[in-house]
Each structure stands twice: as C-alpha cells, then as structure tokens.
Amino acid sequence: MQGWFKLYSTRNYLEANIIKGKLEENDIRAVILNRQDSSYLAFGDIEIYVPVHLKDIALHLLNNALLN
C-alpha cells in the first residue's frame, strides 16, 4: 500500500476498530486490512494503516491511548 503507513497490527478485530475510531475522531483517515485466515483465526493479523504524512500524529495518539 504505497502512501500508507502500517500503524498497528493485532489479532483482535474489536481492538482494531476501537483504534480506527480513535484516529477518525482526530480527523486521521484509517484503513483496516484484515489478513486473518477465514477458517483459522490464529493465522494472520489485522493491520491498521494511516496516510504516511499523518504517521507521526497517529503514532502519538496511539501511544497516548495505549498508556491510558
């Protein structure tokens, strides 16, 4: 995904949606890419991407959210 930065990776779809919502509350566009196997959820991750030019702001928001 050219022009996009992988901000976070998880195996929990709910967690990914919460992080995406937090980013969008702060006017940062976020995309979830689900790479989990449909039959075996233990394989693959759910990745959150943000535009490269917003990666520093997104990282700051993510770090603050994870600390609280």
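Everything that follows concerns the structure shown earlier in this document.
Each chain has its residues counted from 1, running along the sequence as written. Restriction of local features to residues with pLDDT of at least 70 applies here, the model being predicted, together with a cutoff of 80 or more for giving and counting side-chain atom pairs; totals for whole chains, interfaces and linings are based on all residues. The side-chain numbers reported here are obtained from all heavy atoms of the structure, hydrogens and water having been left aside.

Topic: the nonpolar core
We call a set of buried Ala, Val, Leu, Ile, Met, Phe, Trp, Tyr and Cys residues a nonpolar core when their side-chain atoms join them within 4.5 Å. Relative accessible area decides the class of each residue, using a 1.4 Å probe on protein chains only: under 20% of the type maximum gives buried, over 50% gives exposed, and in between gives partly exposed. Of all hydrophobic cores here, the largest spans 15 residues; its most connected members are L7, L23, I28, I48 and V50. Sorting the residues of this core by element identifies β1 (4-10), α1 (13-25), β3 (46-51) and α2 (55-67) as the ones contributing at least two each. To qualify as a helix, a DSSP run of H or I must reach at least 4 residues; to qualify as a strand, a run of E must reach at least 2; elements of each kind are numbered from the N terminus.

Side note on unusual backbone geometry
Of note in the backbone geometry, D27 takes a positive phi value of approximately 60° without being a glycine. Position of D27 among the secondary structure elements: in the loop between α1 and β2 (31-34). Classification of D27 as exposed rests on a relative accessible area of 70%.

Here's the deal with the sheet that holds β2
Strand order in this open sheet of three strands is β1-β3-β2, and the pairing throughout is antiparallel. With partners counted over all chains shown, the strands left at the sheet margins are β1 and β2, one partner each. Taking the axes of each pair of neighbouring strands and ignoring which way they run, one obtains an average angle of 30° across the sheet. For β2 and β3, the ladder comprises four bridges, and the chain directions are antiparallel. Residue pairing for β3: V31 is matched across the bridge by Y49. Against the sheet, α1 engages β1, β2 and β3, with an angle of about 15° to β3. Think of it this way: DSSP has to see at least two bridges between two strands before they count as a pair. Between N-to-C directions, angles span 0 to 180 degrees; the directions come from axes that are lines fitted to C-alpha atoms, helices contributing only their stretch in contact. Whether two residues touch is decided by their heavy atoms; if any such pair falls within 4.5 Å, the residues are in contact.

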